[in-house]
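Analysis of the macromolecular model
Here is what each chain is made of, one letter per residue.
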Amino acid sequence: TPGSRFTFDVGIATSNLEPELAGTAWQQNHKNRPAIKLGVGYELDENWSLGFGYHWFEGIKLESNSPLYENSEINYQLWQIETTYRVNQLWGKQHAPFFILGAGYLDFDINGAKSQIVVEDDFQLNYGVGINLSDNDLGRIDFSWQSIAGDVEMIGLNLIFDIPR
């Protein structure tokens, strides 16, 4: 298919991690943390693409002055499959808006009070929107916002490189 190709992408983002802490004595140290993405994809045509990615999120610390709540740390990582639709019909590839829909496995690593921290669902739906900032012969630069499971939001840049045939 004309326009079909494999891609490799690297992303940097800020993630907003907000586990539900109501009814506990924990306080979260920082909500916004750095995140990194590595992914591979396949562009079916100039509008549709499929991708598989790994996201690493810097952990959050839960601190408490209560002896009933041990200080803890939660580290997140996400394995994700997604589809992207680019609206190139408006003004071409340059500055084209896009929509993201996917699903993933959100993995939690808990250091500390494991018995007090409940993980509801590991498999999560995600959605997002973005805009292309630059498109050239080597690939593109995208800016996007994504929501994952209501606990994690990401805003960041993706560098998408075309894999030569």
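Residues numbered from 1 in each chain as written. Predicted model: local features only at pLDDT ≥ 70, side-chain atom pairs only at ≥ 80, totals over all residues. Heavy atoms only, no water.

Quick look at the overall build of the protein chain now. For the protein chain, the helix and strand inventory stands at 0 helices and 9 strands. Secondary structure elements of the protein chain, listed N to C terminal, follow the sequence β-β-β-β-β-β-β-β-β. Within the span of the protein chain, comprising 165 residues, buried residues form 39% of the whole. For the protein chain, restricting intrachain contacts to residue pairs at least 6 apart in sequence, the fraction spanning at least 24 positions comes to 59%. Only carbon and sulfur atoms are counted for the fraction: they give 60% of the accessible area of the protein chain, which is about 9400 Å². (Helix = DSSP H or I, 4+ residues; strand = E, 2+ residues; numbered from the N terminus. Buried < 20%, exposed > 50% of the residue type's maximum accessible area, 1.4 Å probe, protein only. Contact = heavy atoms within 4.5 Å. Areas by Shrake-Rupley, 256 points an atom, 1.4 Å probe, with all protein chains shown as cover.)

As a further point, take empty space enclosed by the protein. For the structure shown, the criterion picks out 2 cavities of 30 Å³ or more. As a volume, the largest cavity reaches approximately 290 Å³. Contributions of two or more residues to the lining of the largest cavity are made by β1 (5-17), β3 (32-43), β4 (48-63), β5 (72-86), β6 (97-111), β8 (139-148) and β9 (152-162). Per-element tally for the lining of the largest cavity: the top contributor is β3, with 6 residues. Its residues assigned to classes, the lining of the largest cavity shows 7 nonpolar, 11 polar and 7 charged. Roughly 120 Å³ of internal volume is contained in the second largest cavity. Lining the second largest cavity are 14 residues, and of these Ala-13, Ser-144, Met-154, Gly-156 and Asn-158 sit closest to its centre. If you list the elements that add at least two residues to the lining of the second largest cavity, you get β1, β3, β8 and β9. The element contributing the most residues to the lining of the second largest cavity is β9, with 5 residues. Within the lining of the second largest cavity, the residues separate by chemical class into 7 nonpolar, 6 polar and 1 charged. (1 Å grid on protein atoms, 1.4 Å probe; cavity = no way out; pocket = protein on both sides within 12 Å on 5 of 7 lines; lining within 4 Å. Points joined across faces, edges and corners; volume = space filled by probe spheres on them. Nonpolar A, V, L, I, M, F, W, Y, C, P; charged D, E, K, R; others polar.)

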